[in-house]
Amino acid sequence: MANTVLIGAQWGDEGKGKIIDLLTEDHDWIIRYQGGHNAGHTVEIGDQRYVLHLLPSGILHEGKKCIIGHGVVIDILSLLSEMDEVVGRGLTVEGRLFVSDRAHLIFPYHRLLDENREFTAATKDKIGTTKRGIGPAYADKSSRTGLRAGDLLEADFPDRLRRRIQDYNRQLEILGADIADEDELVRQYTEAARRLKPYIADTISLLNKAADSGESILFEGAQGTMLDIDYGTYPFVTSSSATAGGACTGGGLAPRRVDRVLGVIKAYATRVGEGPFPTELDNSEGAALRNAGNEYGATTGRPRRCGWFDNVVARYSAMVNGVDAWALTKLDVLDEVDIIKICVGYKYEGKTFDVVPARVRILEKCTPVYESFEGWKTPTSGVTSYGDLPERAKAYIERLEALTGVPVAMISVGPGREHSLVREEVATADHGRAS
Ligand code: IMP
């Protein structure tokens, strides 16, 4: 099977966890390449529900190997507790999980700084972060002051951590924020380092050796294109490269070895946190989507902002990620909707256009131009093949394909593995990359 990159094409929460879980069967290795425990991938297997934040979803499949790549920022206490949880549910992690020695670490002082920034920012400047310390940890990485997983293997790790805590506490004190408990943190993290050591590896060599020997790799994107640090609605973004390019820079495989890119789109749109969202429905229609789709953050529990599918965003995502095919999720959430809309352009100062502007000040003033569709008003979650979907649902999907210029290979009509329709002819098509 091909090396596959899976990305979210909207603002995250597209339902990637389930699609990754389905694709895992066809791959030997599953790797997370960016983000941290700000992500929440929900996977339902039978009557079991798993919410994974840092562990690649492949951990739920015994026999598959998983990597946390160097593009990820790791809160080791959070990782260890997630490992304990999956082990508690009867899965193994030993010999199956490898943590990059180059991955940067998140410490409580990052979280305290993140919380403080969010707390003190003027309303218009709030990002609405998950307050997990993601931004400050990536800032340390770029400032070249971060600690990496490989540093946990060094004898002087406790001293280096202590110096960082002291530095940060000085900053936090100036800001009037809570400070970290130096002795307690050094003790906690020295113990955590001892536990994590056996999992730390040179994952770049590991991954490339696996690829050389013909094993296949699935890159598990977190967040989404519009939250990418470069491509997203900056500054209302996360601090990592959530797009397909990030799979190479944060995973460790060269671009030419990626065979296909699968994008995940939800049949409507959601966003958590602040920032422009042109198709947002801040009304009863949005509330109905939130209820039907259970749109509450898997990590923070925050209600998600809901709106119509935005084709300007989807086309942009298809372009910047080089998407070969879509996985379309949560189609069933639209089952009861009378009139469904797709945004096909933005209006700004009397002009209509169909590209995502770089400046959020423009994007927040854009009003959507919609195409409307009669809803199918028929339950779809029991449907098992594409041909059996209601005609109006197929028309909606085919319009999405025409507008985005990308075929839909998979459709999800419910949370379980069984609620998945695969269009084999699209899913197995040679996208002209493999040599
Ligand atoms: P941070 O990643 O915690 O710094 O948050 C930055 C922005 O990304 C905020 O708007 C968050 O709500 C959003 N965000 C981060 N992770 C996710 C996710 O997994 N799904 C959806 N939004 C996310």
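(A) Summary view of the overall build of the chain. Along the backbone of the chain there are 13 helices and 20 strands. Against the globule reference of 22 Å for 435 residues, the chain gives a C-alpha radius of gyration of 22 Å, in line with a compact fold. Each principal axis of the C-alpha atoms in the chain carries an extent, and together these give about 65 × 50 × 40 Å. Counting over 435 residues, the chain shows a buried share of 57%. By sequence separation, contacts in the chain at least 24 residues apart represent 76% of the contacts at least 6 residues apart. Surface exposure of the chain reaches about 18,000 Å², of which carbon and sulfur atoms provide 48%. Across the chain, the mean location of the 52 positive side-chain charges is 4 Å away from that of the 63 negative side-chain charges.

(B) Structural view of the pattern of salt bridges. Scanning the entire structure with this criterion turns up 28 salt bridges. The shortest N-O distance in the salt bridge between Lys16 and Glu14 comes to 2.7 Å. Just as Lys16 is buried, Glu14 falls in that class too. The salt bridge partner of Glu295 is Lys330, with a shortest N-O separation of 3.0 Å. Pair noted here: Glu295 is in the loop between α9 (284-293) and β13 (305-307) and Lys330 is in the loop between β15 (325-329) and β16 (339-348), with a separation of 35 residues, a long-range link. Relative accessible area serves as the criterion here: at 0%, Glu295 is assigned to the buried category.

(C) Examining the packing of helix α5 (residues 157-175) against helix α6 (residues 182-196) more closely. Viewed as axis vectors pointing N to C, α5 and α6 meet at an angle of 140 degrees, and their least axial separation amounts to 10 Å. As for how α5 packs across α6, the hand of that crossing is right-handed. Touching Phe157, Pro158, Leu161, Arg162, Ile165 and Gln166 of α5 are Glu182, Asp183, Leu185, Val186, Tyr189, Thr190 and Ala193, all from α6. Classifying every residue of the contact of α5 with α6 by side-chain character gives eight nonpolar, two polar and three charged.

(D) The state of the cysteines, seen in detail. Under the criterion given, the structure shown has zero disulfides. Distance from the sulfur of Cys66, which forms no disulfide, to the nearest cysteine sulfur (Cys248) is 19 Å.

(E) Structural detail: helix α4 (residues 134-143). Among all positions of α4, only Ile134, Pro136, Ala137, Tyr138 and Asp140 are buried. Against the buried residues of α4 lie β6 (73-74), β8 (104-105), α3 (108-120) and α5. Directly after α4, the chain includes Arg144, whose backbone phi takes a positive value near 65 degrees.

(F) Spatial organisation of the domain arrangement of the chain. Its domain assignment divides the chain into domain 1 (4-90 + 203-427) and domain 2 (104-199). Taking only C-alpha atoms into account, the centre of domain 1 sits 29 Å from that of domain 2. On the side of domain 2, 23 residues touch domain 1, which itself brings 28 residues to the contact. Considering only the surface of domain 1 that becomes buried against domain 2, Val73, Ile76 and Leu80 emerge as the three largest contributors, covering 27% of it. In this assembly, domain 1 and domain 2 are joined by eight residue pairs in polar contact (both at pLDDT 80 or more). It is helix α2 (residues 76-88) that provides the largest number of residues to the side of domain 1 that touches domain 2, a total of six residues. Partitioning the side of domain 1 that touches domain 2 into residue classes produces 11 nonpolar, 13 polar and four charged.

How each quantity is defined
- Residue numbering note: each chain is counted from 1, following its sequence as written.
- Since the coordinates come from a predicted model, pLDDT governs what is reported: local features require at least 70, and pairs of side-chain atoms require 80 or more to be given and counted, while whole-chain, interface and lining totals use all residues.
- Side-chain measures were taken over the full set of non-hydrogen atoms in the model, leaving aside hydrogen atoms and water.
- Elements are defined by DSSP. Helices are runs of H or I of four residues or more, strands are runs of E of two residues or more, and each kind is numbered from the N terminus.
- For the radius of gyration, the atoms used are the C-alpha atoms, and the globule rule reads 2.2 Å times the number of residues raised to 0.38.
- Exposure categories follow from relative accessible area, calculated using a 1.4 Å probe and restricted to protein chains: below 20% of the type maximum is buried, above 50% is exposed, and the middle band is partly exposed.
- Whether two residues are in contact is decided by their heavy atoms: any pair within 4.5 Å suffices.
- Using a 1.4 Å probe, accessible areas were evaluated by the Shrake-Rupley method; residue-level cover was limited to the displayed protein chains.
- Positive charges come from Lys and Arg alone, negative charges from Asp and Glu alone, with His and the N- and C-terminal ends not counted.
- The atoms used to mark charge sites are NZ of Lys, CZ of Arg, CG of Asp and CD of Glu.
- Any Lys or Arg side-chain nitrogen found within 4 Å of a carboxyl oxygen on Asp or Glu counts as a salt bridge.
- Under this scheme, a helix contributes an axis fitted over its contacting stretch, all axes are lines through C-alpha atoms, and angles between N-to-C directions fall in the 0 to 180 degree range.
- The hand of a helix crossing depends on one turn: near helix anticlockwise from the far one by less than a right angle means left-handed, and clockwise means right-handed.
- Following the grouping adopted for this structure description, the nonpolar residues are Ala, Val, Leu, Ile, Met, Phe, Trp, Tyr, Cys and Pro, the charged ones are Asp, Glu, Lys and Arg, and the polar ones are all others, Gly among them.
- Only a pair of cysteine sulfur atoms within 2.5 Å counts as a disulfide in this structure description.
- These domain boundaries are the output of an automatic or database domain assignment.
- A 1.4 Å probe defines the accessible area here, and the buried area is the portion of it lost by two parts on being joined, summed over both.
- The term polar contact refers here to a pair of N or O atoms within 3.5 Å; inside protein, the definition further demands a hydrogen-donor-capable atom paired with an acceptor-capable atom, and it admits residues adjacent in sequence only when both atoms are side-chain atoms.

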